[in-house]
Amino acid sequence: MAVMMTTTIEPGQRTYISAKTLPPQAPAALIAREKFNDLLHETDPVSLLLMQAPAGYGKTTTLAERLAALGAQAAWYRLDDQDNDAAQFAAYLAHALEINRPGTCPATLRQLAETGFDNLQAFLTDLLAEMPLDADPLYLVLDDFHLIKDPEIHEAIRFLLRHQPGYLTLAILTRTVPPIGVAQLRMQGRMLEISSRDLGFDADEAQTYFETRLTYEVSRESIERAVRRVEGWVSALQLLAASASTSVAFNDMVAQFEEGNQYVFDYFDELVGRSLDESALGFLLRTCILDRFNAFMAMRVAGHQDGQALLNQLINHGFFVIPLDSSGLWFRYHPLFSAYLRHLLACSAQENVAILHQKASDAWLEQNQPEEAARHAVKACDPTRIVRILMDYGRAFFTEGQFSLLQQCLDALDPSTIADEPMLTLLRAWVAQGQYKFDEVEQWLAAAEAKLKEHLDDADLRSVRCEFSAVRAQVAMNFGDSHSALGLATDAMEQEARFLPTSKVAAASVMGEALFVEGHLKEALARMQETETLARAHGAHQNVLWALCQQSEISVAMGLLQKAYNVQERAFQYAEENHLDHLPILEFLYRIRSQIMWEWHHLENAERCALQGIEILEAQGERWYLQSYTSLAKVAQARGRQTLCADYIQKIQKMLASGEYHIDWVANSHATMLSFWDAVRDREAIQRWLTAAPEYTIDDATNHFLQCNARNWARAYLSLEQPEKAQPILEGLQAVAERVGLQTDLNRNHIALAHLHWQLEDREKALYHMREALQLASTTGAVGSFLRLGKVLIVVLKALINDSLIDGMELQRAERLIQLSQQQRDFSRAIRISLDEAIIQDIIDRPDVPELIRTSPLTRREWQILSLIHAGLSNDQIAEHLKVAATTVKTHIRSLYQKQNIAHRSEAIELARDLLSKIQGE
């Protein structure tokens, strides 16, 4: 057994650098890491606190900030390369303890200066003997411990950990796992570990950090994407804050992180150049093509028999190698490190990347991971491997909803290869349908039919055509032709599916959809429940979730929002039980959950669901974010965040202009755009929208999206104060909604009709429709649809209350809506409210209203003119709005000024602002 050489610690006076024994200075934008409080307040004391992570994760800053915040005492020793000298190490260790807690080890320090020690263990023996047995808790922090290479010092730390007093906790901050008996301490429960996963900023911390550093607003969505791209790596987020001068630059830089960043590459160049030999670098370059790997995969792709040893070496060097679980068997590279390595690989002439991907594809098949195998076959541009994988596993990819993967595979194949195989044709058609490329669907099906006639018998050809009918039925539904869709779906149900087992499930689903859009809600719900049962029997996860989402949407249309919520819970449970968190279909689930949360005014939950939808679809591309962006815009508007809402509206407009979407998506997005433009009084935008808006047909509005599309026209007319144009639309929609039982649309139409009749100054009808809307809201739970009216909602609801037209639940709901509406920030500079006698009296009765208002009461017309002056209208515009002569307006203004002792228009505006704000509770 080898005997370790020990170093004699010579005596002598030493000069100490103060900075080495002081905690670091706090950075300018310090984030309180309160999530570590519980760890640092463990009731059972531990011997070692190990903070191990690559550079830039904030180990030093985090521990210093938390210890200071918790009032903990700490002796700090910041190590560098020169501290590999045993004598220097011993001297600084004792010095750090003594200056933090005077009287801890004066004799040891004296002996260091006068006689020295035989070795480090002798020094530690005297040090520990001199330290008190009991004292207040103390942390001894060894910072940058990865710089210590001396085995004698490592052994000394082992000795210290065996014999330290109970009040002392050794805190080691390091990029690598130190050789000091960590495994034993872990098994004995004497150690706390904080890793890069713990140290990385989460989205809340990143948001707090950016709010302190940036001069512009960044959306929560952008922050979460940034955190995902860099996995919370603090240095990368600091770089982002320092480099991006605008929100656009911020988002561009986040997007670039996926391919790499030159500043980050420069950092990795230094790290790799200092630490690695050629063999280890070759291992990194070959394995960087893998999203995850174990020793077997590393051996197959990189050709290294000692893959596990090389992995351990890389981890011990502090590289960005992330363990995927506690087993220590599966790993991946940090995404920025992976981007760097792929960059090096692309520049390397020594590696054949296609061959690496072929090896990876075959190795993943051996591991029974066909999805991974397919991805690498595509990257290898290897059609033979792709076809083999699709013929064996393509059906499974489809039933699991792996449409993006299927598209990548099929895009890499020659069209004639696809047309030769009915199953490949079906997959190709379904993928095209899912991307709204409906013309392509028919091209693929027709090309296959022409070829298959040559070598299929009549029975097989009939079976193929039936399965093709299922795809055509779905396309017909997307075109809004529910009659043709029903016929094609019926045809598809006639035979058992031979090539794609879920074809009949899809056909059953189309039947349910067709019934839904035609307004047969109960029959549609029953059909979708049958589809769910059929899909479960086939193990078709995609179809099960789709059927549950459809059931939820039908329940929303029926006004049963709580039932819809409960159906969604079943879908989430199914996804969890079957480990389906990766399926794009989950975005649909989160989207409809977000819509319900918005309607119930649970804004935080609505935002969270929309953000989760975006995270799920990140690999699919931004064009699929439309519905999530719409939800985020609605939330931003409800919170009064005008700039953020405007950003989302701009994104939505851009996406609608550059892509084709189902009318459901379009109508929902347009409703949000119109609401925003109305809030900011952008009449020009609303007028432009009317010139290009999707046409509507009242009699066909038997579903929620056609109701929404037509209602958008009515809302646009109301925003432009053209109620006479909105009236026939809303009354027609209401008749259809009543006939087919679209309760949620009935609710929304009543709200719009209340607004319409208030504009028409038909007080009785306005209050009737608002009362009906409140009664319907007892089952729908609607809140968001009411609040979209803006401040006029307060006026109408107060009129209902003042006239004692509601009581019980409706009264409580009205009072809550008033409270919520008062809290909402008005985007526009002006507050425009049509006032009636009851509302005017409500203002006058307030104790804080000026005495002049009581002694010289304004007429109703004068009140209206006062509100329009405040809104910024000229005399001529006021005359046009009130449909009276300009001279009449001037007469009313003169009377108004005399009554209130006003000399200038600016005084009238100030008075109006004060009085009208009182009705809003501001």
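Here's what I pulled together on the structure shown here. Computed from a predicted structure; not experimentally measured. (Residues numbered from 1 in each chain as written. Predicted model: local features only at pLDDT ≥ 70, side-chain atom pairs only at ≥ 80, totals over all residues. Heavy atoms only, no water.)

## Considerations on the overall build of the protein
Each helix and strand counted, the protein has 49 helices and 7 strands in total. For the protein, the spread of C-alpha atoms along the three principal axes comes to 105 × 95 × 45 Å. Within the protein, residue pairs in contact and separated by at least 24 positions form 71% of the contacts whose partners lie at least 6 positions apart. On the protein, roughly 39300 Å² of surface is accessible, and the fraction owed to carbon and sulfur atoms is 49%. Both charge centroids of the protein, one from 86 positive and one from 121 negative side chains, sit 4 Å from each other. (Helix = DSSP H or I, 4+ residues; strand = E, 2+ residues; numbered from the N terminus. Contact = heavy atoms within 4.5 Å. Areas by Shrake-Rupley, 256 points an atom, 1.4 Å probe, with all protein chains shown as cover. Lys, Arg positive; Asp, Glu negative; His and termini not counted. Charge placed at Lys NZ, Arg CZ, Asp CG, Glu CD.)

## Regarding the packing of aromatic side chains
With the rule as written, the count across this model stands at 35 aromatic pairs. Ring geometry for Phe320 versus Phe337: centroids 6.2 Å apart, planes at 40 degrees, classification tilted. With Phe320 in the loop between helix 16 (307-316) and strand 6 (321-323) and Phe337 in helix 17 (residues 335-347), this pair connects stretches of sequence that are 17 residues apart. As far as the burial class goes, Phe320 and Phe337 line up, both buried. On the numbers, 5.2 Å between centres and 50 degrees between planes, the contact of Trp546 with Phe588 is tilted. One end of the pair, Trp546, is in helix 29 (residues 541-557); the other, Phe588, is in helix 31 (residues 585-599), and 42 residues separate them in sequence. The class of Trp546 is partly exposed, set by a relative accessible area of 25%. Through a chain of ring-to-ring contacts, the aromatic side chains of Tyr57, Trp233, Phe265, Tyr267, Phe268, Phe293, Phe320, Tyr333, Phe337 and Tyr340 assemble into a single cluster. The cationic tip of Arg292 hangs over the ring face of Trp330; the distance from NZ or CZ to the ring centre is 5.1 Å. Residue placement shows Arg623 over the ring face of Trp624; its charged tip is 4.6 Å from the ring centre. (Phe/Tyr/Trp six-rings, centres within 6.5 Å; stacked < 30°, edge-to-face > 60°. Buried < 20%, exposed > 50% of the residue type's maximum accessible area, 1.4 Å probe, protein only. Lys NZ or Arg CZ within 6 Å of the ring centre and 35° of its normal.)

## Focus: empty space enclosed by the protein
Under the criterion given, the structure shown has 1 cavity of 30 Å³ or more. In this structure, the largest cavity occupies an estimated 60 Å³ of space. Elements supplying a minimum of two residues to the lining of the largest cavity: helix 33 (626-638) and helix 34 (642-658). For the lining of the largest cavity, the element with the highest residue contribution is helix 33, accounting for 3 residues. Here the lining of the largest cavity is built from residues that sort into 5 nonpolar, no polar and 4 charged. (1 Å grid on protein atoms, 1.4 Å probe; cavity = no way out; pocket = protein on both sides within 12 Å on 5 of 7 lines; lining within 4 Å. Points joined across faces, edges and corners; volume = space filled by probe spheres on them. Nonpolar A, V, L, I, M, F, W, Y, C, P; charged D, E, K, R; others polar.)

## Description of the side chain of Thr425
In this fold, Thr425 is placed in helix 23 (residues 422-434). There is a polar contact of 2.9 Å between the side chain of Thr425 and the backbone oxygen of Ile418. For Thr425, the contacting residues outside a window of four places in its chain are Ile418, Ala419, Trp444, Leu445, Ala448 and Phe468. (Polar contact = N/O pair within 3.5 Å; in protein donor to acceptor, adjacent residues only side chain to side chain.)

## Let's talk about the pattern of salt bridges
For side chains of opposite charge, pairing can occur when their charged atoms come near one another. Enumeration according to the criterion identifies 39 salt bridges in this entry. Asp204 is the salt-bridge partner of Arg220, the closest N and O atoms lying 2.8 Å from each other. With a gap of 16 residues between them, Arg220 in helix 10 (residues 220-230) and Asp204 in helix 9 (residues 203-213) connect regions that are remote in the sequence. Residue classification places Asp204 among the partly exposed residues on the basis of a relative accessible area of 48%. Of the charged contacts, one joins Asp803 and Arg763 as a salt bridge, the two residues approaching to 2.5 Å between their closest N and O atoms. Of this pair, Asp803 sits in the loop between helix 42 (792-802) and helix 43 (808-823) while Arg763 sits in helix 40 (residues 763-780); the two residues are 40 residues apart in sequence, bridging distant segments of the chain. Of the residues examined, Asp803 reaches a relative accessible area of 32% and is grouped as partly exposed. Note on Arg763: relative accessible area 25%, which makes it partly exposed. Via salt bridges that share partners, Glu221, Arg225, Arg228, Arg229, Glu258, Glu615, Glu618 and Lys651 belong to a single interconnected network. (Salt bridge = Lys/Arg side-chain N within 4 Å of Asp/Glu carboxyl O.)

## Focus: the packing of helix 3 (residues 86-100) against helix 5 (residues 120-130)
Two numbers describe how helix 3 lies on helix 5: the axes approach to 10 Å, and their chain directions differ by 15 degrees. In terms of axis orientation, helix 3 runs roughly parallel to helix 5. The interaxial crossing formed by helix 3 with helix 5 has right-handed handedness. Between helix 3, through Ala86, Phe89, Ala90, Leu93, Ala94 and Leu97, and helix 5, the contact on the second element is made entirely by Leu120, Phe123, Leu124 and Leu127. Here the contact of helix 3 with helix 5 is built from residues that sort into 10 nonpolar, no polar and no charged. (Axes fitted to C-alpha atoms, helices over the stretch in contact; angles between N-to-C directions. Parallel < 35°, antiparallel > 145°, perpendicular 65-115°, else oblique. Left-handed = near helix turned anticlockwise from the far one by under 90°.)

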